[in-house]
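The primary structure of each chain is shown beneath.
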Amino acid sequence: TPDFTGDFDQRMAQLKKIIGRKKGWTIIGSSLGGLMGTVFTCQKPTHVRKLILLAPALMKDPFGSYLALEPVSVPAVVVHGTADDVVPLDEAREYAERFFTDLKYIVVDDGHRLQEAFKELNWEANISIEQPWLSDIQPITLLELGEWIKARLGLRTIRVVGDLTSVCKRIA
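All values reported here derive from a predicted model rather than from experimental measurement.

Chemist: Would you take a moment to explain the overall build of the protein for this structure?
Modeler: Along the protein, the regular secondary structure elements total 8 helices and 5 strands. Tracing the protein from N to C terminus, the helices and strands come up as α-β-α-β-α-β-α-β-α-α-α-β-α. The proportion of buried residues among the 172 residues of the protein is 50%. Here the contacts in the protein between residues at least 6 apart in sequence split such that 70% fall between residues at least 24 apart.

Structural data, given as structure tokens:
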């Protein structure tokens, strides 16, 4: 997993360098990484096979300047908690519905880190893989999810994880 550093533009430049011209990526983005995955996917939809967003930082303040994006038809799954005290659920959902024409929005009873939801969600169904031999695999962390997709399914994946709280403090 890459360790993204710097401001948002620097992080996006790092992501673009990693992905390069390769296509068929499944991007998994959490918090600020969800915003990064969204921006990248809307800018380069032909590079992305599927987008999985976990409590994505899709919010006007302080990221409004990055949210002037055109809708795309890339399949996207968003998981967001009703008790998220970092990213407002309603605002993030409104942006997601605006950006993704093929969207599955899953609302769970959990906080920003989605620790409980990770244990309970059916990841096989959420990444649209029809393989009966995968039914016993239940990843419980973002690292395990990315590694599971990569190892078991042979897909190109990149996890984009961001510490939204520290980034917001730097911007403010």
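Chemist: What exactly am I supposed to notice about the side chain of His 80 here?
Modeler: Examined against the element boundaries, His 80 turns out to sit in strand E3 (residues 76-81). At 3.1 Å, the side chain of His 80 forms a polar contact with the side chain of Asp 84. Only 3.1 Å separates the side chain of His 80 from the backbone oxygen of Val 87, close enough to count as a polar contact. In this structure His 80 touches Ala 55, Pro 56, Val 87, Pro 88, Leu 89, Ala 92, Tyr 105, Ile 106, Val 107, Val 108 and Leu 114, once residues within four positions along its chain are discounted.

Chemist: Quick question: what am I supposed to make of the pairing of strand E2 (residues 48-54) here?
Modeler: The two faces of a sheet get side chains in turn, since along a regular strand they alternate between them. Summarising burial for E2: 6 of the 7 residues are buried, a large majority. Pairing geometry for strand E1 (residues 25-31) and E2, over 6 bridges, is parallel. From the neighbouring strand, Ile 27 faces E2, where its bridge partner is Leu 51. A crossover links E1 with its parallel partner E2, the connecting element being helix H2 (residues 32-43), and its sense is right-handed.

Chemist: What should I look at first to understand the environment of Phe 40 in this one?
Modeler: On the secondary structure map, Phe 40 appears in helix H2. As a C-alpha pair, Phe 40 and Lys 16 span 24 residues in sequence and 7.8 Å in three-dimensional space. If we skip the residues at most four places from it in the chain, Phe 40 touches Met 12, Leu 15, Lys 16, Ile 19, Ile 27, His 47 and Val 48.

Chemist: Mind showing me how you'd approach the pattern of salt bridges here?
Modeler: Any two side chains of opposite charge can pair, on the condition that their charged atoms come close. For the coordinates displayed, the defined rule picks out 2 salt bridges. Arg 93 is paired through a salt bridge with Glu 97; the nearest N and O atoms lie 3.2 Å apart. Of this pair, Arg 93 and Glu 97 both sit in helix H4 (residues 89-99), separated by 4 residues, roughly a single helical turn. Residue class for Glu 97 comes out partly exposed when judged on its relative accessible area of 47%. Close ionic contact of Glu 94 with Arg 98 constitutes a salt bridge, the shortest N to O distance being 3.3 Å. Taken as a pair, Glu 94 and Arg 98 lie in helix H4 at a separation of 4 residues, close to a single helical turn. You can call Arg 98 partly exposed: its relative accessible area is 41%.

Chemist: I'm lost on the packing of aromatic side chains in this one. Help?
Modeler: What describes a pair of aromatic rings is the distance from one ring centre to the other and the angle between the planes of the rings. Summed over the entire model, instances satisfying the criterion amount to 4 aromatic pairs. Ring geometry for Phe 8 and Tyr 66: centres 4.3 Å apart, planes at 55 degrees, overall tilted. Residue Phe 8 is located in helix H1 (residues 8-19), and its partner Tyr 66 is located in the loop between helix H3 (60-63) and E3; the two are separated by 58 residues in the primary sequence. Residue Tyr 66 is classed as partly exposed on the basis of its relative accessible area of 23%. Taking the centre distance of 6.4 Å and the plane angle of 90 degrees together, the rings of Phe 99 and Phe 100 count as edge-to-face. For the pair shown, Phe 99 and Phe 100 are each scored as buried.

Basis of the calculations
- Residues numbered from 1 in each chain as written.
- Predicted model: local features only at pLDDT ≥ 70, side-chain atom pairs only at ≥ 80, totals over all residues.
- Heavy atoms only, no water.
- Helix = DSSP H or I, 4+ residues; strand = E, 2+ residues; numbered from the N terminus.
- Buried < 20%, exposed > 50% of the residue type's maximum accessible area, 1.4 Å probe, protein only.
- Contact = heavy atoms within 4.5 Å.
- Polar contact = N/O pair within 3.5 Å; in protein donor to acceptor, adjacent residues only side chain to side chain.
- Pairing = 2+ DSSP bridges.
- Right-handed = clockwise from strand over helix to strand, strands pointing away.
- Salt bridge = Lys/Arg side-chain N within 4 Å of Asp/Glu carboxyl O.
- Phe/Tyr/Trp six-rings, centres within 6.5 Å; stacked < 30°, edge-to-face > 60°.

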